[in-house]
Amino acid sequence: MESFAYPHFSSIAHVALFDRVTNAGEIRARIVRASSLEGDEGDAEREAVSFAFIDARLVTSVLHIQTAITQALLAAAQNTLRTKTVHSEVIWALNPSNNITEALRRYGVTDDSTALFVIRIESLASIDVRSRMSAVVEGTLVPMSALAGLTDWVAVKKYNKLGGDPYIKEIQNDPAHEHHLIDNIVVSFVAMKSVSG
Amino acid sequence: MALLPLPDPSPTAALVRSSVLISQGAEAKVYRTTLHTGGGPVLLKYRFSKQYRHATLDATLTRARVAGEARALVRCLRCGVSVPGLRFVDVANGALGIEWVDGKSVRSLLGSGDEGERYREEDEDIAPAEDEDLFVGYKVPKDALMVMVGTEIAKMHLADIIHGDLTTSNMMLRHPSSTMNPLGVHQLVLIDFGLAYTSTLAEDKAVDLYVLERAFASTHPESEPLFSSVLDAYKRKMGKEWPAIGRKLEDVRLRGRKRSMVG
Ligand SMILES: Nc1ncnc2c1ncn2[C@@H]1O[C@H](COP(=O)(O)OP(=O)(O)OP(=O)(O)O)[C@@H](O)[C@H]1O
Ligand SMILES: [Mg+2]
């Protein structure tokens, strides 16, 4: 797990990458149930799953995640959140379109997710985030560098509508170059989502 | 629920306070910043509001400029033109976070002897100081640099992007050892797309070139051979698109001369 402080937002983001996740369907069901539970039980359950769960396949780099976190924090600070929480806003920021359901379906946890980024954003006071993550996710905590083997570049191109770009086709036989460029483009998409379209 | 702190009305202003000012233009202040702990450097371009303009009009203009610069950069990236990517956009405050380019501007590489001296000292061990034709620490012959400039501008024009402010300050040579340079070679990077727009017109491309030609003439001694190698590389890359642009360039030069005779 890595933690990044955003002093100008008085916030900190804890980011963990889990591989070999075996209970993705259960996590998704818990999130859905938590939103409708009432009373103390509901509060406790919502707190227990208060993370952004992101399928790692569509993530191209840690910078990609960090950029979505920055833009979500900005929206929270400016009262322009498009979704209910700063965590769902991170997921919304990753998806090129404005459709929230689509963002959750593509970038959120789905029943067949096996690698997940788990993110918790909060004020600078620290809690034991790591054990709270492990209480929800059954899987192996791996270093961020493991992402290199998890990104599904074909899906990244498809969902970011880059597959038809002539220049990207031109460099497709040079994966290092192609991946570096696509990463820079999708990170830029996330950063400029508020002025795109 | 995790309690989020009370929203700071302007986190971007707080970010600016913790950043280092690197240049102050007419429209924007430019800073070097980091967006979070452990993050790499990011260039922050902050368009301050003009007190003498109408507030609403000002906000609309700023928004258009920020959006325009962001779109032009992404369009360039997608077409394989070497430009920095975007890292942060706060359109409400006219702030743009741009990938940091680790290198030097072409202007300073071509510039006066003083700067060369400074670099000679820093990079003594790797610099072939006796070879006048190489930029110390960068090991790129002047002519090769001009070829890179012409080629990159041609790539941009082939993508129908007009820069709008081509000068040797608005292009940088990325150092080959930079971590953000996976290709491990020198890379010419075009920057400052604040005035960019898209156009297919040969005339617009010709004006872009003319602006650069004037910039060379006013900034660099002995600029003629330099600019002519830029233009040669540009022609080669533009191929069959060149003749129409070349004719327009002649027109534009003629108009420029007439104007300077009158004015
Ligand atoms: N991405 C970058 N990485 C590193 N340095 C940069 C980057 N972009 C710009 N700079 C430096 O900052 C200077 C000013 O940036 P830029 O030209 O984008 O702003 P500007 O306000 O439009 O400038 P001006 O009005 O002086 O042309 C550049 O000349 C360059 O030295
Ligand atoms: Mg400039």
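Rules of the game
In this convention, every chain numbers its residues from 1, walking through the sequence in written order. Going through the entries in the order they are written, you letter the chains from A and number the ligands from 1. Given that the model is predicted, a residue must reach a pLDDT of at least 70 before its local features are reported, and side-chain atom pairs must reach 80 or more before they are shown or counted; all residues, however, enter totals for whole chains, interfaces and linings. Water and hydrogen atoms play no part in the side-chain values, which are based on all heavy atoms of the structure. UniProt positions are given in the numbering used here, feature names are shortened, and annotations may be inferred rather than shown by experiment. Residue contacts are counted whenever heavy atoms from the two residues lie within 4.5 Å of one another. In short, buried area is how much 1.4 Å probe accessible area vanishes from two parts on joining, totalled over both. By salt bridge we mean one thing: a side-chain nitrogen of Lys or Arg within 4 Å of a carboxyl oxygen of Asp or Glu. Numbering of helices and strands runs from the N terminus, with a helix taken as a DSSP run of H or I at least four residues long and a strand as a DSSP run of E at least two residues long. For this classification, the nonpolar set comprises Ala, Val, Leu, Ile, Met, Phe, Trp, Tyr, Cys and Pro, the charged set comprises Asp, Glu, Lys and Arg, and every other residue, Gly included, is treated as polar. Two strands qualify as a pair provided that DSSP identifies no fewer than 2 bridges between them. Angular values range over 0 to 180 degrees, each being the angle between N-to-C directions of two axes fitted as lines to C-alpha atoms, with helices fitted over their stretch in contact. Paired rings are identified among Phe, Tyr and Trp, the last through its six-membered ring, by centres lying within 6.5 Å, and are further divided according to the angle between planes into stacked (under 30 degrees), edge-to-face (over 60) and tilted (the rest). Exposure classes here rest on a 1.4 Å probe applied to the protein chains alone. A residue is buried below 20% of its type maximum, exposed above 50%, and partly exposed in between. Whether a residue is near a molecule or strand depends on its heavy atoms: it is near if one of them lies within 4 Å of it. Polar contact criterion, stated in full: a pair of N or O atoms within 3.5 Å, where within protein one must be able to donate a hydrogen and the other to accept it, and residues adjacent in sequence count only if both atoms are side-chain atoms. The accessible surface values rely on the Shrake-Rupley method and a 1.4 Å probe; as for residues, cover is taken only from the protein chains in view. Segmentation of the chain into domains, including their bounds, is taken from an automatic or database domain assignment. Note on donors: an N, O or S atom is included if it sits within 2.8 Å of the metal, or within 3.2 Å for Na, K and Ca, and water is never included, so sites can look incomplete.

An unreviewed UniProt entry annotates chain B as EKC/KEOPS complex subunit BUD32 originating from Lactarius akahatsu. Listed under Subunit (unreviewed entry) in UniProt, the entry text for chain B is "Component of the EKC/KEOPS complex composed of at least BUD32, CGI121, GON7, KAE1 and PCC1; the whole complex dimerizes."

Under an unreviewed UniProt entry, chain A has the name EKC/KEOPS complex subunit CGI121 and belongs to Lactarius akahatsu. Per its UniProt entry, chain A bears the Sequence similarities (unreviewed entry) comment "Belongs to the CGI121/TPRKB family." Taken from UniProt, the Subcellular location (unreviewed entry) comment for chain A reads in full: "Nucleus".

Engineer: Explain the interface of chain A and chain B to me, and be specific about the residues and the numbers.
Structural biologist: Contacts between chain A and chain B engage 42 residues on the former and 36 residues on the latter. Taken together, both faces of the contact between chain A and chain B bury some 3300 Å²; the carbon and sulfur share is 63%. Across the contact surface, chain A and chain B share one salt bridge. In this structure, R78(B) engages D165(A) in a salt bridge whose closest nitrogen and oxygen atoms are separated by 2.8 Å. Per-element tally for the side of chain A that touches chain B: the top contributor is helix α9 (residues 175-191) of chain A, with nine residues. Looking at side-chain class alone, the side of chain A that touches chain B contains 19 nonpolar, 18 polar and five charged residues.

Engineer: Please provide a residue-by-residue account of the sheet that holds strand β9 (residues 187-190) of chain B, values included.
Structural biologist: Residue and element names in this part refer to chain B. The three strands are arranged β6-β8-β9 in an open sheet whose pairing can be described as antiparallel. At either end of the open sheet lies a strand with only one pairing partner, and these are β6 (103-105) and β9. Across the sheet, the mean angle separating the axes of adjacent strands is 30° when strand polarity is ignored. Note that strand β8 (residues 171-174) and β9 share four bridges and pair antiparallel. Bridged to M172 within β9 is V189. Across the sheet, helix α5 (residues 142-158) touches β8 and β9, and the angle it forms with β9 is around 45°.

Engineer: Tell me about the packing of aromatic side chains, residues and numbers included.
Structural biologist: In this structure the tally under the stated criterion is four aromatic pairs over all chains. Ring geometry for F51(A) against F53(A): centres 5.7 Å apart, planes inclined by 65°, an arrangement best described as edge-to-face. Each member of the pair, F51(A) together with F53(A), is buried. A ring pair is formed by Y234(B) and W242(B), whose centres lie 5.9 Å apart and whose planes are at 80°; its orientation type is edge-to-face.

Engineer: Before we move on, could you go through the site of ligand 1 and cite the residues and values that matter?
Structural biologist: All names here are of chain B. As a matter of local geometry, ligand 1 sits amid 17 residues, with K45, E99, V101, N170 and D192 nearest to it. Within the side chain of K45, an N or O atom sits 2.9 Å from an oxygen atom of ligand 1. V101 places a main-chain nitrogen or oxygen 2.8 Å from a nitrogen atom of ligand 1. Protein contact buries 77% of the 610 Å² of open area that ligand 1 shows by itself. When residues of the shell around ligand 1 are traced back to their parent elements, those giving at least two are β1 (20-24), β3 (42-46) and β5 (95-99). For the shell around ligand 1, the class distribution of residues is ten nonpolar, four polar and three charged. For the shell around ligand 1, the domains that each give at least three residues are domain 1 (15-100) and domain 2 (101-263).

Engineer: With reference to specific residues and values, describe unusual backbone geometry.
Structural biologist: Residues and elements named next belong to chain A. Non-glycine residue S10 carries a positive phi angle of around 45°. By secondary structure assignment, the location of S10 is in the loop between β1 (2-6) and β2 (11-19). You will see that K161, though not glycine, has its phi angle at about 55°, which is positive. Here K161 shows up in the loop between α7 (153-159) and α8 (166-170). Overall, K161 belongs to the exposed group, its relative accessible area being 66%.

Engineer: Describe the coordination of the magnesium ion (ligand 2), naming the residues involved and giving the relevant values.
Structural biologist: Expected angles at a metal are 109.5 degrees for tetrahedral coordination by four donors and either 90 or 180 degrees for octahedral coordination by six donors. Listed as protein donors to the magnesium ion (ligand 2) are N170(B) (OD1) and D192(B) (OD); their distances from the metal cover 2.2 Å. Remark: D192(B) occurs in the loop between β9 and β10 (197-198) and N170(B) occurs in the loop between β7 (161-162) and β8; sequence separation between them is 22 residues.

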